Amino acid sequence: MKLSEILRGIEVLGSYNDVEVADITQDSRLVKEGSLFVCVKGSVFDGHTVAKEMLDNGAAAVVVERDLGLDNQVVVKSSRAVFSPICANFFGNPADKLKLIGLTGTNGKTTTTFLIKQILENAGKKVGLIGTVQNMIGDEIYPAKYTTPDPYELQKLFSQMVKADCEYCVMEVSSQALAQGRVNGLRFAVGAFTNLTQDHLDYHKTWENYFESKRILFKNSDIAVTNADDQNGLEIIKELQFDKVVTYAVDKNDATYVAKNVKFKSNGVEYELVGDMIGRCNCPIPGRFSVYNSLCAASCALALGIGFDDVLSAISKSNGVKGRIEVVPTNRDFTIIIDYAHSPDGLENIITSLKEIAKGRVVTLFGCGGDRDKTKRPKMGKIAAELSDFCVVTSDNPRSENPSEIIKDILVGMEGITTPYKVVENRKEAIAYAIKNAQTDDIILLAGKGHETYQILPTGTIHFDEREAVAEILATLD
């Protein structure tokens, strides 16, 4: 493809050679003959420092933010900002042929996107999905490395969805993706908000930055769907223009759609979905947060014109999501649940939900990630100790940090709380301890890892699937 076609609609400062381009990348390791190398300045590495080297290695041209005096350079104001539209042009702007539904928020994005996909498919639509657990094109599953892929991978997925005749794409849109411009140039048919609590402040540094990054989604959406119960739900769409605003709530009455007469059961939740029509909603995923997730999904689908009865029918048939309140088969008199909860609010939500259905103790096994927001650690310790009947404090993904130091930070929040706990640094040994000391009707919550099948240690990444660990431990007890 000609460079001029790839740069269509992008402001270029000065002239450039209209060369033929074979591929695009911002990763210097992936540059090959004929590549267009986009020089992005990151927190650790600045692509501008290797621009000349990339040309020497066969790159057709480089996109830069300042004149480097190179023959095959394209100067723009922000190479990070133009990377997404450049990739879109390269793949023929496939997103223009899809109805995009973007979900943002701290918790609930993954489950809600799966619910929306299932509702749309139940209505006869072909749907793609992009998210934390996996990417999907119809029923085909593709691995996911990030919640929201980088612009090249994202546009490639869109292109594959169009070729597969998908009409919709529902996707999780992370705060980092929004801040880094990974979705620049995209227009969303629906932008939806789940909730906003402390997370990712290691990246965003301040709450204001975190909030404003989420707000970017709604600046580029035709319809806004937002949680009226969350204190940020209306603030995030304030002073923005939409074709339609749809609100949902459980605690308030002044919303477009309200969940009334909520009933919590061990196998799901039931409530009256009240809007311009009223119907009984049965979601086969337990927990209070499942009310919000299913209500958000229903609101998005209804905003898109899906029939009321079709929405309720689809939710009743929905399946759970791997690593989200996932029950692990044990054939024992206690229950083991895996959940991805890794923020203070996420941990509070899952433990509270389990307390609503538990006949025995709720035993919470958890840790905190290394090289991430340290202020979360005592908060999560406090929440786990206050809400659980017993805690097992262990390692999560310590990354480059010493796991014992992370655990010390967690224990600070548990001081003065009488809930008994045990510290077992090795996560598999911690799971074994919880299982061997389980009592009848206990619910053992393995929090933090969810769908992940690895653990990131100071020594490197190892394979670690909690489902496999549970099976191996149970086998030793038979």
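For the structure, see preceding data.
Since we're looking at a predicted model, the values are computed, not measured.

**Concerning unusual backbone geometry**
The backbone phi angle of Ile-325 is positive, close to 40°, even though this residue is not glycine. Looking at the element boundaries, Ile-325 is found in the loop between α10 (308-316) and β16 (326-328). A positive phi angle, near 70°, is found at Asp-441, a position not held by glycine. As for its position among the elements, Asp-441 is in the loop between α14 (427-436) and β21 (443-447).

**Description of the pairing of β21**
Most of β21 is tucked away: five of the five residues are buried. Along β21, one buried face is formed by Ile-443, Leu-445 and Ala-447 and the opposite face, lined by Ile-444 and Leu-446, is buried too. When strand β17 (residues 335-339) meets β21, the two strands line up parallel, connected through five bridges. By the bridge assignment, Ile-338 is partnered in β21 with Leu-446. Of the pairings in the sheet, the one linking strand β18 (residues 362-366) to β21 comprises four bridges and is parallel in character. By the bridge assignment, Leu-365 is partnered in β21 with Leu-446.

**Here's the deal with the environment of Val-173**
Looking at where Val-173 falls in the secondary structure, it is placed in the loop between β9 (168-172) and α6 (175-179). Assessed through its relative accessible area of 0%, Val-173 is described here as buried. Separated by 215 residues in the primary sequence, Val-173 and Ser-388 have C-alpha atoms spaced 31 Å apart. Not counting the four nearest positions on each side in its chain, Val-173 is found in contact with Gly-102, Leu-103, Thr-104, Lys-109, Thr-148, Leu-178, Val-183, Phe-188, Lys-214 and Leu-217.

**Digging into the sheet that holds strand β7 (residues 134-137)**
Pairing is mixed across the open sheet formed by 11 strands, whose spatial order is β8-β7-β6-β9-β5-β10-β11-β12-β13-β14-β15. The sheet is open, and its two edges are formed by β8 (140-143) and β15 (278-283), each paired on a single side. Sheet twist, expressed as the average angle between the axes of neighbouring strands with direction ignored, equals 20°. Taken together, the four bridges between strand β5 (residues 99-104) and strand β10 (residues 188-193) define a ladder with parallel strand orientation. By the bridge assignment, Ile-101 is partnered in β10 with Val-190. α10 contacts β14 (268-274) and β15 of the sheet and is inclined by roughly 20° relative to β15.

**A short note on α14**
For α14, the complete set of buried residues consists of Arg-427, Ala-430, Ile-431, Ala-432, Ala-434 and Ile-435. The N-capping residue of α14, defined by a side-chain oxygen 3.1 Å from the backbone nitrogen of Lys-428, is Asn-426.

**Regarding the nonpolar core**
Val-225, Leu-273, Leu-347, Ile-350 and Phe-366 are the most contacted members of the largest nonpolar core, which totals 68 residues. In terms of nonpolar packing, the next biggest core, distinct from the first, is built from 27 residues, Leu-154, Phe-211, Leu-217 and Phe-242 among them.

**With respect to the pattern of salt bridges**
Inspection of the entire model under this criterion finds 24 salt bridges. Among the salt bridges present, the one from Lys-265 reaches Glu-270, with a minimum N-O distance of 2.7 Å. A relative accessible area of 31% means that Lys-265 is categorised as partly exposed. Residue Asp-465 pairs with Arg-467 through a salt bridge whose shortest N-O separation is 2.9 Å. There is no split in this pair, since Asp-465 and Arg-467 are both buried. Each of Lys-265, Glu-270, Glu-272 and Arg-280 takes part in one network of salt bridges that share partners.

Definitions and limits used
Residues numbered from 1 in each chain as written. Predicted model: local features only at pLDDT ≥ 70, side-chain atom pairs only at ≥ 80, totals over all residues. Heavy atoms only, no water. Helix = DSSP H or I, 4+ residues; strand = E, 2+ residues; numbered from the N terminus. Buried < 20%, exposed > 50% of the residue type's maximum accessible area, 1.4 Å probe, protein only. Pairing = 2+ DSSP bridges. Contact = heavy atoms within 4.5 Å. Axes fitted to C-alpha atoms, helices over the stretch in contact; angles between N-to-C directions. Polar contact = N/O pair within 3.5 Å; in protein donor to acceptor, adjacent residues only side chain to side chain. Core = buried A, V, L, I, M, F, W, Y, C linked by side-chain atoms within 4.5 Å. Salt bridge = Lys/Arg side-chain N within 4 Å of Asp/Glu carboxyl O.

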